[in-house]
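Geometric and topological summary
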Amino acid sequence: MAPGRLNEAPVLGQDFRSAITATARDVMGAVGNGAGLPAVCVPNGMGARGLPTSLQFMSRAWEENAALAAARAYQAMTDWHTRHPRVE
């Protein structure tokens, strides 16, 4: 388990850091991708600007059901996935 991103989601229209363009700062995602580990991100709150933050669940190779089950259990205990960012 780790943050899905190091900061909250970007504002719409703002440049998005991407693994494809090599501008991402997602250390855990990069490690997982390089090692072939399955992962899933779910909402876990709102940052200082009212934009979503996320939590990443990662499991061993070929055990993606463990990551999905953990993410589902987390979402069952929270309501972050039903909330929307503030509109400014």
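Residues numbered from 1 in each chain as written. Predicted model: local features only at pLDDT ≥ 70, side-chain atom pairs only at ≥ 80, totals over all residues. Heavy atoms only, no water.

With that settled, the discussion passes to the packing of aromatic side chains. Following the criterion strictly, the structure yields one aromatic pair and no others. Residues Phe57 and Tyr74 carry aromatic rings whose centres are separated by 6.0 Å and whose planes lie at 50 degrees to one another, so their mutual orientation is tilted. On the criterion of sequence distance, the pair formed by Phe57 in strand E3 (residues 52-58) and Tyr74 in helix H2 (residues 64-77) is long-range, its members being 17 residues apart. In this structure, Phe57 and Tyr74 share a single accessibility class: buried. (Phe/Tyr/Trp six-rings, centres within 6.5 Å; stacked < 30°, edge-to-face > 60°. Helix = DSSP H or I, 4+ residues; strand = E, 2+ residues; numbered from the N terminus. Buried < 20%, exposed > 50% of the residue type's maximum accessible area, 1.4 Å probe, protein only.)

Quick look at the pairing of strand E2 (residues 39-46) now. Sheet topology places E2 next to E3; seven bridges connect them, and they run antiparallel. Its bridge partner being in E3, Gly45 is matched across the sheet by Thr53. Between E2 and E3, which follow one another and run antiparallel, lie five residues, and Gly50 among them has a positive phi close to 80 degrees. (Pairing = 2+ DSSP bridges.)

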